[in-house]
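# Structure assessment
One-letter residues, chain by chain:
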Amino acid sequence: MSNRFRLGGDLDVNRLGFGAMRLPSKDGMGGPARDPENGRAVLRRAVALGVDHIDTAEFYFSAGGTVRANTLIREALHPYPAGLTIATKVGPVLGPDGISHGTAADLRGQVEANLESLGLDRLDLVYLRIGLMEPPHGESLAERFEALAALREEGLIRHLGVSNIDAAHLAEARAIAPVTAVQNQFHAARRGDADILAACEESGIAFVPFFPVGGGGEFEDARPAKVAARHGVTVPQIGLAWLLASSPVTLAIPGTGSVSHLEENMAAAAITLTEEDLADLA
């Protein structure tokens, strides 16, 4: 399979990209701040290694909002190199009582905040994120997705995506406007959304899992370790290689705040899984 994918038919990206969630804090959203210079160094190295698809969000920030992913991206990479695609997400609202989910009326402000913090006039790809860690089955996304579609018509957004959704949500969104990408939790040890992946593959929609190697934890059984030992690589590298081998529409966006870990992740693109490997991982 090709190591490239055309998001929306016009944004040509490396299928192995970068997720920015862990740049502000090792513990993810709202954790203790990392050194911002370290985050800028990771971003510059990522681009040097061929990353041309960065996934971020305005709500990726450390405790107190002192270090923010979008700010680091702008400081490290603006003016952005030709061909760099930046995807972001809207929907969640972080307040003093934790995470809640905004209404359709909140989305314009969230889109404008991303435009400002990233220093852009138009966002390449914006996902509507619904629910927390599991898709909220039976909950309509129509009003919110219609609001994003209107912002796309205004020229503030190039392409639309949906995140944390089920098959009914995907069909509902596609009836409103073209869906370029889906971002759900999916990895070698969690394959419950295989039906969503199949629907994306059939329609040429990018499938971009969050937590592509399990959110930093090891997989629960020995099969990935067996394959990793065969190739002389790490289990997370095998997890990334498996994602890339699982479908031509799958894009991987592993995140890290470490240059050495970034380099390890990017090396996974060179791993070619054999039929024996895929059988062991089946």
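See the structure above.
The residue numbering used here restarts from 1 in each chain and proceeds along that chain's sequence as written. Reporting of local features is limited, given that this is a predicted model, to residues whose pLDDT is at least 70; pairs of side-chain atoms are given and counted only at 80 or more, and all residues count toward the totals for whole chains, interfaces and linings. To get the side-chain values, take all heavy atoms of the structure and skip hydrogens and water.

Once the charged atoms of two side chains with opposite charge are near each other, the side chains can pair. When a carboxyl oxygen of Asp or Glu is within 4 Å of a side-chain nitrogen of Lys or Arg, the pair counts as a salt bridge. Scanning the entire structure with this criterion turns up 18 salt bridges. The partner of arginine 44 in a salt bridge is glutamate 37, and the shortest N-O contact between them spans 3.4 Å. Classification of glutamate 37 as partly exposed rests on a relative accessible area of 37%. Connected through shared salt-bridge partners, Lys226, Arg230, Glu276, Asp277 and Asp280 make up one network. To sort residues, take the accessible area from a 1.4 Å probe on protein chains only and compare it with the maximum for the residue type: under 20% means buried, over 50% means exposed, and anything in between is partly exposed.

This next bit is on the packing of helix α1 (residues 36–48) against helix α9 (residues 259–267). As a packed pair, α1 and α9 sit with axes 9 Å apart at the nearest point and diverge in direction by 25°. As far as their axial angle goes, α9 and α1 are roughly parallel. Once α1 is placed against α9, the crossing between them reads as right-handed. Two secondary-structure elements touch here, α1 through Ala41, Val42, Arg45 and Ala46 and α9 through Val259, Leu262 and Glu263. Note on geometry: axes are lines fitted to C-alpha atoms, helical ones only across the stretch in contact, with angles between N-to-C directions running from 0 to 180 degrees. Only DSSP runs of H or I with at least four residues qualify as helices, and only runs of E with at least two residues qualify as strands; both kinds are numbered from the N terminus onward. Note that the term roughly parallel is reserved for angles under 35 degrees, roughly antiparallel for angles over 145, roughly perpendicular for angles of 65 to 115, and oblique for everything else. Crossings are assigned a handedness: left-handed for a near helix turned anticlockwise from the far helix by less than a right angle, right-handed for a clockwise turn. Whether two residues are in contact is decided by their heavy atoms, any of which lying within 4.5 Å being enough.

Here histidine 159 shows up in strand β9 (residues 157–163). Note on histidine 159: relative accessible area 9%, which makes it buried. Here the side chain of histidine 159 touches threonine 180 through a polar contact of 3.3 Å, side chain to side chain. Here histidine 159 is in contact with Leu7, Gly8, Asp10, Leu11, Leu123, Asp124, Leu125, Val126 and Thr180, once residues within four sequence places are set aside. Whenever a nitrogen or oxygen atom comes within 3.5 Å of another N or O atom, the pair is scored as a polar contact, on the condition that within protein one atom can donate a hydrogen and the other can accept it, and that pairs from neighbouring residues in sequence are kept only if both atoms are in side chains.

Here we come to the packing of aromatic side chains. Only the six-membered ring of Trp is used, alongside the rings of Phe and Tyr, when aromatic pairs are assigned; centres must lie within 6.5 Å, and planes under 30 degrees apart are stacked while those over 60 apart are edge-to-face, with the rest tilted. The full count for this structure, using the stated rule, is four aromatic pairs. A ring pair is formed by phenylalanine 186 and tryptophan 242, whose centres lie 5.9 Å apart and whose planes are at 25°; its orientation type is stacked. Residue phenylalanine 186 is located in the loop between β10 (181–183) and α6 (194–203), and its partner tryptophan 242 is located in helix α8 (residues 235–246); the two are separated by 56 residues in the primary sequence. Each member of the pair, phenylalanine 186 as well as tryptophan 242, is classed as buried. Ring-pair connections join several aromatic residues into one group, and the members of that group are Phe186, Phe207 and Trp242. Here the basic side chain of arginine 129 rests over the ring of phenylalanine 210, its NZ or CZ set 4.5 Å away from the ring centre. In this scheme, the term charge over a ring applies when either NZ of a lysine or CZ of an arginine sits within 6 Å of the ring centre and within 35 degrees of the ring normal.

So, about the sheet that holds β9. Two strands make a pair as long as DSSP finds a minimum of two bridges between them. Ordered in space as β3-β4-β5-β8-β9-β10-β11, the seven strands form an open sheet in which the pairing is parallel. Among the strands making up the open sheet, the edge pair consists of β3 (18–19) and β11 (206–207). Across two bridges, β3 lies against strand β4 (residues 53–55) in parallel orientation. If you follow phenylalanine 18 over to β4, its bridge partner there is isoleucine 54.

Moving on, we come to the side chain of asparagine 14. Note that asparagine 14 resides in strand β2 (residues 11–14). For asparagine 14, the side chain forms a polar contact with the main-chain nitrogen of leucine 16, separated by 3.0 Å. Here asparagine 14 is in contact with Asn3, Arg4, Gly50, Asp52 and His53, once residues within four sequence places are set aside.

Where α9 is concerned, the buried positions are Leu262, Asn265 and Met266. Projection of α9 onto a plane perpendicular to its axis shows the buried side chains occupying an angular sector of 95°, all on one side. On its buried face, α9 sits against β3, α1 and α8. Think of it as the arc spanned by the lines of direction from the helix axis to the C-beta atoms.

Another aspect to go through is the pairing of β2. Sheet topology note: the strand β1 (residues 4–7)/β2 ladder contains four bridges and is antiparallel. By the bridge assignment for β2, arginine 4 is matched with asparagine 14.

Moving on, we come to the environment of leucine 156. Along the chain, leucine 156 turns up in the loop between α4 (142–154) and β9. Considered as a pair, leucine 156 and arginine 122 are 34 residues apart in the sequence and their alpha carbons are 4.6 Å apart. When sequence neighbours within four positions are dropped, the list of residues in contact with leucine 156 reads Arg108, Val111, Leu115, Asp121, Arg122, Leu123 and Leu151.

Our next topic: the environment of valine 213. One can find valine 213 in the loop between β11 and α7 (223–231). For valine 213, a relative accessible area of 16% translates into the label buried. The spatial distance from the C-alpha of valine 213 to the C-alpha of leucine 240 is 6.6 Å, given a sequence separation of 27 residues.

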